[in-house]
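The chain contents come next:
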Amino acid sequence: MDASLLILTDFFQAANKALDYATNLAGPLGARLVLLHVRRDSLLDPEAFTGGISNLSQDAIQLALNSVAGGLPVPVVAEVGHGRVAFAVADAVSRHHPLLVVLGRPDYSDTPDELVQTTSLDLLRTAPYPMLVVPHGVGSTAPPRRVLLAIDGGPFTLGEHAGTARHLLAALGAGITVFHVVPETGPDELPPLVLDSVMRTGLVLDLPPAQCRTVVSEQPAAGILRAAQPADYDLVVLIARRRSFMGNLFHRSVTAQVMLESKLPVLVLPAQ
């Protein structure tokens, strides 16, 4: 089966940025695009009362999809799903087996924290899958060359998604900086066991030698966000452990904070 990238679109600014980003990724990955618009007609949708859902007619949706797909320089398939986004995405994933799910992150700066119910967080909880979140204000949609791989230091495996992650990084030929936050003053160099946890996954095989960076911060998310600046990196990669996105405090997890606030696109790889 041909490689593909599954792109969610609601035709707003953030989705358009994500589509531009995915289009530029498709070339080096040798992938086609699967463009998915979901008619969010479920009363259980977490954004049903926030004004964040478009209510286009079926004809308007088809016209918009045809217009977008017709202007893309890579092969594309367009589909319309129904109901909650997470379930529509899970269905599309089961049929297309994409390398990644790609979606845009809208501007939440004027939205109270308690009302921020993002599609990306809902997806990660409902159907964990490699996911690329592109901020609405991202400065460049060129394929990333400088990658910040943030890890917590414990051993991990990516299971069935390991091959996807290796293929992505190898195809991009990206330079990797393995990044670790320690809660108190520690060694200037990355502890050997931390780097070993990455080497065992094979993520950095066939890539230029990984750089290593350790910082001290009481708040891991804050440490990652301070480091993940557009002047220094193009992409943040997070390893999301199941406990970080299944608990009641998911919105306060490191994964959620970085996804919601990063200035850079964030690639989330669910750990097994």
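Quick look at the structure, then. As the structure is a prediction and not an experimental result, all values here were calculated from the model.

**Some thoughts on the overall build of the protein**
- Counting secondary structure elements, the protein contains nine helices and ten strands.
- Contacts spanning at least 24 positions in sequence make up 84% of the contacts within the protein whose residues lie at least 6 apart.
- Approximately 12800 Å² of the protein is accessible, and the part contributed by carbon and sulfur atoms is 53%.

**Considerations on the sheet that holds strand E1 (residues 4-8)**
- Pairing within the open sheet is mixed, and its ten strands lie in the order E3-E2-E1-E4-E5-E10-E9-E6-E7-E8. Here the strands that pair on one side only, and so sit at the sheet edges, are strand E3 (76-82) and strand E8 (211-216). The sheet shows a mean angle of 25 degrees between the axes of neighbouring strands, taken without regard to direction.
- Bridge analysis of strand E2 (residues 32-39) against E3 gives seven bridges, and the strand direction is parallel.

**Let's talk about unusual backbone geometry**
- Phi angles above zero are rare outside glycine, and Phe 11 is one such case at about 75 degrees.
- Residue placement: Phe 11 occurs in the loop between E1 and helix H1 (13-29).
- Judged by its relative accessible area of 18%, Phe 11 is buried.

**Looking at the pairing of strand E7 (residues 175-182)**
- Counted residue by residue, E7 has seven buried out of eight residues, so it is predominantly covered.
- Here strand E6 (residues 146-151) runs beside E7; their pairing, made up of six bridges, is parallel. Residue pairing in the sheet places Leu 149 in a bridge with Val 178 of E7.
- Regarding the hand of the β-α-β motif, the stretch spanning E6, helix H5 (residues 162-172) and E7 is right-handed.
- One ladder, built from six bridges, connects E7 with E8; its direction is parallel. Residue pairing for E8: Phe 179 is matched across the bridge by Arg 213.

**What to know about the pattern of salt bridges**
- Scanning the model with the defined rule gives six salt bridges in all.
- Here Asp 152 and Arg 241 are joined by a salt bridge, their closest N and O atoms 2.7 Å apart. Within this pair, whereas Asp 152 is found in the loop between E6 and H5, its partner Arg 241 is found in the loop between strand E9 (235-240) and helix H8 (242-246), the two being separated by 89 residues in sequence.
- Since its relative accessible area comes to 43%, Asp 152 is described here as partly exposed.
- Overall, Arg 241 belongs to the buried group, its relative accessible area being 14%.
- Linked by salt bridges that have partners in common, Glu 79, Asp 91 and Arg 95 make up one network.

**A closer look at the environment of Val 215**
- Counting through the fold element by element, Val 215 comes out in strand E8.
- Separated by 25 residues in sequence, Val 215 and Leu 190 have C-alpha atoms that sit 9.1 Å apart.
- Excluding residues within four positions of it along the chain, Val 215 makes contact with Phe 179, His 180, Val 181 and Val 182.

**So, the nonpolar core**
- In terms of nonpolar packing, the biggest core is built from 49 residues, with Leu 5, Leu 33, Leu 132, Leu 149 and Ile 176 touching the most fellow members.
- Examining the composition of this core, we find that seven residues originate from one element, H1, more than from any other.
- Beyond its immediate chain neighbours, meaning those up to four positions away, Ile 176 contacts Val 147, Leu 149, Leu 169, Val 204, Leu 207, Ala 210 and Gln 211.
- In terms of nonpolar packing, the next biggest core, distinct from the first, is built from 39 residues, Val 38, Ala 86, Tyr 233 and Val 236 among them.

**A closer look at the side chain of Thr 141**
- Along the polypeptide, Thr 141 turns up in the loop between strand E5 (131-135) and E6.
- Residues within four places of Thr 141 in sequence aside, it is in contact with Lys 17, Asp 20, Tyr 21 and Asn 24.

So, how was this worked out
Residues numbered from 1 in each chain as written. Predicted model: local features only at pLDDT ≥ 70, side-chain atom pairs only at ≥ 80, totals over all residues. Heavy atoms only, no water. Helix = DSSP H or I, 4+ residues; strand = E, 2+ residues; numbered from the N terminus. Contact = heavy atoms within 4.5 Å. Areas by Shrake-Rupley, 256 points an atom, 1.4 Å probe, with all protein chains shown as cover. Pairing = 2+ DSSP bridges. Axes fitted to C-alpha atoms, helices over the stretch in contact; angles between N-to-C directions. Buried < 20%, exposed > 50% of the residue type's maximum accessible area, 1.4 Å probe, protein only. Right-handed = clockwise from strand over helix to strand, strands pointing away. Salt bridge = Lys/Arg side-chain N within 4 Å of Asp/Glu carboxyl O. Core = buried A, V, L, I, M, F, W, Y, C linked by side-chain atoms within 4.5 Å.

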